[in-house]
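Single-letter residue listing:
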Amino acid sequence: MKTKEIGSEFLLEKINSKKISKEYEKCLFLENGRQCYKVLNDKLKGKILFPAYACESMIQNIGKDRIIYYDVDYNLDIDFHSISDEDINSAEAFVYINYYGFSQSKKNLEKIQKLKEKNILIVEDITHSAFSGFEFIGDVLICSIRKWFGIEGLGILYTNKFDFTDLEFCDENTFSSLRYKGFMEKESFLNGKDVNKIYLETFANAEDYANHFMEISRSTSAAMCRFYNYDYEQMIKKRRENYLFLEKNLLTNNVYQIKKLNQETPLFFPVYAKHRDDLRQYLIKNNIFCPIHWPKLDSIDSHFAVHQLLDNILSIPIDQRYDINDMTRIIETITDFYENDEFS
């Protein structure tokens with residue numbers, strides 16, 4: 001009997017309704033989050049303060065000479081000590097991320113507010129925190145919604161600072177088409193109709209296409225229907241249940257829990273793990289797929305603490321596809337790994 005897969009790509013959500021909401025009229029709906037950053041970057045001319053802990057796709061349309069990296073500490077908080085007065089005086093925009101669904105500290109939020117008072121544009125990436133319920137303070141909000149459930153592709157940009165009425169869209173949706181094909185291939189594989197995981201290559205091709213596609217395309221009508229009609233209440237409930245179970249029961253000294261859950265809705269359960277890469281490979285052998293957020297960016301200051309963070313962090317899946325039995329299996333597999341004398 002095949003062991004249930006934990007992690008990896010979602011299955012595509014079914015479209016149960018054609019209902020379209022007017023709640024998001026002021027949002028710009030694009031095919032993916034990369035395009036949101038491209039659209040925003042086209043409006044900016046100056047330097048951008050950017051976290052050293054981020055996905056490379058966020059900066060691929062920004063010239064390296066315009067990026068000023070700042071450090072992120074072991075608690076996933078902005079290290080404002082790594083930002084000089086010169087950096088602040090030369091910056092047009094400040095980008096920050098609410099990692100894994102958790103807000104920045106109160107002290108940091110006050111410092112971000114002071115940057116706003118200096119007329120620095122605050123770009124808040126809410127991809128990880130879209131459903132955590134706390135107040136967003138950014139002048140610009142950006143979210144890649146496909147990280148949360150099975151959807152072809154959808155990047156959301158909201159701001160009152162810029163007018164996008166003159167934005168030119170192309171009619172191509174190759175990225176969404178490739179992801180749709182990948183979803184169909186994965187469903188076929190899980191149903192035993194395909195013996196090879198060809199869907200992995202198809203999803204990888206979609207990402208590669210997005211990295212090289214320079215035009216702007218709207219999200220598809222199918223993606224919009226999935227977005228408007230998804231059961232977010234159930235999603236939030238399951239994610240919180242799974243996170244809290246791991247928080248209470250993943251007790252090995254070899255895995256350090258980074259964030260305690262309060263009212264947030266988490267994207268993953270982030271941990272720092274001893275022998276992280278070996279653990280990850282062991283989990284993969286047991287059909288548990290834990291991503292690493294993210295590969296190191298180029299040109300990061302060698303003294304930044306983020307290097308140690310990136311060498312040890314691991315994202316454990318806790319999403320709505322899984323229940324307490326799955327979380328128990330994750331705990332048992334991690335425990336088994338560390339019982340090996342080589343890694344204990």
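Residues numbered from 1 in each chain as written. Predicted model: local features only at pLDDT ≥ 70, side-chain atom pairs only at ≥ 80, totals over all residues. Heavy atoms only, no water.

S.K.: Give a description of unusual backbone geometry that names residues and reports values.
M.R.: Following His293, the chain continues into Trp294 via a peptide bond in cis, with omega recorded as -5°. Along the polypeptide, Trp294 turns up in the loop between β12 (288–289) and α9 (306–312). Residue His275 is not a glycine yet carries a positive backbone phi of 55°. Within the fold, His275 resides in the loop between β11 (269–273) and α8 (276–285). For Ser299, which is not glycine, the phi dihedral falls at a positive 65°. (Helix = DSSP H or I, 4+ residues; strand = E, 2+ residues; numbered from the N terminus.)

S.K.: Residue-level account of the pattern of salt bridges, with values.
M.R.: Summed over all chains, the structure comprises 15 salt bridges. With its nearest N and O atoms 2.7 Å apart, the salt bridge here joins Glu152 to Arg226. Residue Glu152 is found in the loop between β8 (140–144) and β9 (155–159), and its partner Arg226 is found in helix α6 (residues 221–229); the two are separated by 74 residues along the sequence. A residue is classified by how much of its surface remains accessible, and Glu152, at 4% relative accessible area, is buried. For the salt bridge of Asp319 with Arg321, the shortest nitrogen-to-oxygen distance reads 2.8 Å. Take Asp319: its relative accessible area is 3%, and that puts it in the buried class. (Salt bridge = Lys/Arg side-chain N within 4 Å of Asp/Glu carboxyl O. Buried < 20%, exposed > 50% of the residue type's maximum accessible area, 1.4 Å probe, protein only.)

S.K.: Tell me about the packing of aromatic side chains, and name the residues and values.
M.R.: Aromatic ring pairs are described here by two measures, namely the spacing of the ring centres and the angle between the planes. In this structure the tally under the stated criterion is 27 aromatic pairs. The interplanar angle of 80° and the centroid separation of 4.9 Å between the aromatic rings of Phe131 and Trp148 together place this pair among those described as edge-to-face. With Phe131 in the loop between β7 (121–125) and β8 and Trp148 in the loop between β8 and β9, this pair connects stretches of sequence that are 17 residues apart. Under the relative-accessibility criterion, Phe131 is labelled buried at 17%. Look at Phe189 and Tyr199: their rings are 5.7 Å apart centre to centre, the planes differ by 50°, and that puts the pair in the tilted class. You can see Phe189 sitting in helix α4 (residues 174–190) and its partner Tyr199 sitting in helix α5 (residues 198–212), a full ten residues away along the chain. (Phe/Tyr/Trp six-rings, centres within 6.5 Å; stacked < 30°, edge-to-face > 60°.)

S.K.: I'd love a proper account of the sheet that holds strand β13 (residues 313–316), names of residues and values included.
M.R.: Sheet architecture is open: three strands sit in the order β10-β11-β13, paired in antiparallel fashion. The sheet terminates laterally at β10 (255–257) and β13, the two strands that pair on one side only. The mean inter-strand angle of the sheet, taken between neighbouring strand axes irrespective of direction, is 40°. Taken together, the three bridges between β10 and β11 define a ladder with antiparallel strand orientation. Its bridge partner lying in β11, Tyr256 is registered against Tyr272. With respect to the sheet, helix α7 (residues 232–249) is in contact with β10, β11 and β13, its orientation differing from that of β11 by roughly 30°. (Pairing = 2+ DSSP bridges. Axes fitted to C-alpha atoms, helices over the stretch in contact; angles between N-to-C directions. Contact = heavy atoms within 4.5 Å.)

S.K.: How would you sum up the pairing of β13? Please name residues and give values.
M.R.: Of the two faces of β13, the one lined by Ile313 and Ser315 and the one lined by Leu314 and Ile316 are each fully buried. Relative to β13, β11 is paired through four bridges, and the arrangement is antiparallel. Bridge pairing in β13 links Val271 to Leu314.

S.K.: If you had to explain the layout of surface pockets to someone new, which residues and values would you point to?
M.R.: Where empty space is left can be seen by rolling a probe of water-molecule size over the atoms. In this structure, the largest pocket spans a volume of roughly 1400 Å³. If you list the elements that add at least two residues to the lining of the largest pocket, you get α1 (33–41), β8, α5 and α8. Element by element, the count of residues in the lining of the largest pocket is highest for α5, at five residues. Within the lining of the largest pocket, the residues separate by chemical class into 20 nonpolar, eleven polar and 13 charged. (1 Å grid on protein atoms, 1.4 Å probe; cavity = no way out; pocket = protein on both sides within 12 Å on 5 of 7 lines; lining within 4 Å. Points joined across faces, edges and corners; volume = space filled by probe spheres on them. Nonpolar A, V, L, I, M, F, W, Y, C, P; charged D, E, K, R; others polar.)

S.K.: Let's hear about the pairing of β11: which residues, and what values?
M.R.: Of all five residues in β11, five are buried, a share of seventy percent or more. By the alternation rule, side chains of β11 split into Phe269, Val271 and Ala273 and Pro270 and Tyr272, which are all buried.

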